[in-house]
Amino acid sequence: MSEIRAHVFVSGRVQGVAYRANTRDTAREIGVDGWVQNLNDGRVEAVFEGKEGDVERMVEWCHNGSPAAAVESVDVEYGDPEGLSGFEIRR
């Protein structure tokens, strides 16, 4: 299975609801590399790299996110992996 990269922007009530921590934990469970961070405009930005099926699972997960989140939209751009290792929360 080929490796892909997804650059994701999530809108809605996604800050202050443990969205980043849940994203990190889920990505680590699935085995996807990348990072997640809050943006000043209230969105969450994330990058997922890994096997195509695993990255797609993470993108789908973003539509619901953490239990307290209220996701309004998920915008995704796909590309080639850049060789990230591990998954972190950026501040």
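Residues numbered from 1 in each chain as written. Predicted model: local features only at pLDDT ≥ 70, side-chain atom pairs only at ≥ 80, totals over all residues. Heavy atoms only, no water.

A.B. asks: I tried to follow the UniProt feature "domain: Acylphosphatase-like" (unreviewed entry) in the chain on my own but got confused; where do I start?
C.D. replies: Taken from the UniProt record, the annotation "domain: Acylphosphatase-like" (unreviewed entry) applies to residues 5-91. Taken end to end, residues 5-91 comprises 26% helix and 41% strand; its first and last C-alpha atoms sit 21 Å apart. (UniProt positions renumbered as here; feature names shortened; annotations may be inferred. Helix = DSSP H or I, 4+ residues; strand = E, 2+ residues; numbered from the N terminus.)

A.B. asks: Looking at this structure, how should I read the packing of aromatic side chains?
C.D. replies: Aromatic ring pairs: the centre-centre distance and the angle between the two ring planes describe each pair. Applying the stated criterion across every chain yields a total of 2 aromatic pairs. Relative to W61, the ring of Y19 lies with its centre 5.5 Å away and its plane at 55°, an arrangement referred to as tilted. Of this pair, Y19 sits in helix α1 (residues 19-30) while W61 sits in helix α2 (residues 52-62), placing them 42 residues apart in sequence. Using a relative accessible area of 1% as the deciding quantity, one classes Y19 as buried. Seen from their ring centres, F48 and F87 are 5.9 Å apart, and the 15° between their planes marks the pair as stacked. Here the residue F48 occupies a position in strand β3 (residues 44-51), and F87 occupies one in strand β5 (residues 87-89), the gap between them amounting to 39 residues. Using a relative accessible area of 5% as the deciding quantity, one classes F87 as buried. (Phe/Tyr/Trp six-rings, centres within 6.5 Å; stacked < 30°, edge-to-face > 60°. Buried < 20%, exposed > 50% of the residue type's maximum accessible area, 1.4 Å probe, protein only.)

A.B. asks: When you look at the UniProt feature "active site" (unreviewed entry) in the chain in this model, what are you seeing that I'm missing?
C.D. replies: With numbering matched to this structure, UniProt assigns "active site" (unreviewed entry) to R20 and N38. In summary, the annotated positions, though distributed over 19 residues, converge in three dimensions, the widest C-alpha pair being only 7.7 Å. The residue R20 is located in helix α1 in this model. Overall, N38 belongs to the partly exposed group, its relative accessible area being 28%. Apart from residues no more than four positions distant in its own chain, N38 is found in contact with V14, Q15, R20, R43 and V44. (Contact = heavy atoms within 4.5 Å.)

A.B. asks: Would you take a moment to explain the sheet that holds β3 for this structure?
C.D. replies: Adjacent strands of a sheet form backbone hydrogen bonds with each other and so pair up, either parallel or antiparallel. If you trace the 5 strands from one edge of the open sheet to the other, you get β4-β1-β3-β2-β5, paired in mixed fashion. Looking at strand neighbours, the two that pair on one side only are β4 (70-79) and β5, the edges of this open sheet. Neighbour-to-neighbour, the strand axes of the sheet open up by a mean angle of 15°, direction not taken into account. Relative to β5, strand β2 (residues 33-38) runs parallel, the two being bridged by 3 bridges. Counterpart to G34 in the pairing with β5 is F87. (Pairing = 2+ DSSP bridges. Axes fitted to C-alpha atoms, helices over the stretch in contact; angles between N-to-C directions.)

A.B. asks: What should I look at first to understand the packing of α1 against α2 in this one?
C.D. replies: Helix-helix packing is described using two parameters, namely the angle between the two axes and the distance between the axes. Between α1 and α2, whose axes approach to 10 Å, the crossing angle comes to 155°. Looking at the two axes, α1 sits roughly antiparallel to α2. The handedness of the crossing between α1 and α2 is right-handed. Of α2, the residues touching α1 (which contributes Y19, N22, T23, T26, A27 and I30) are D54, R57, M58, W61 and C62. (Parallel < 35°, antiparallel > 145°, perpendicular 65-115°, else oblique. Left-handed = near helix turned anticlockwise from the far one by under 90°.)

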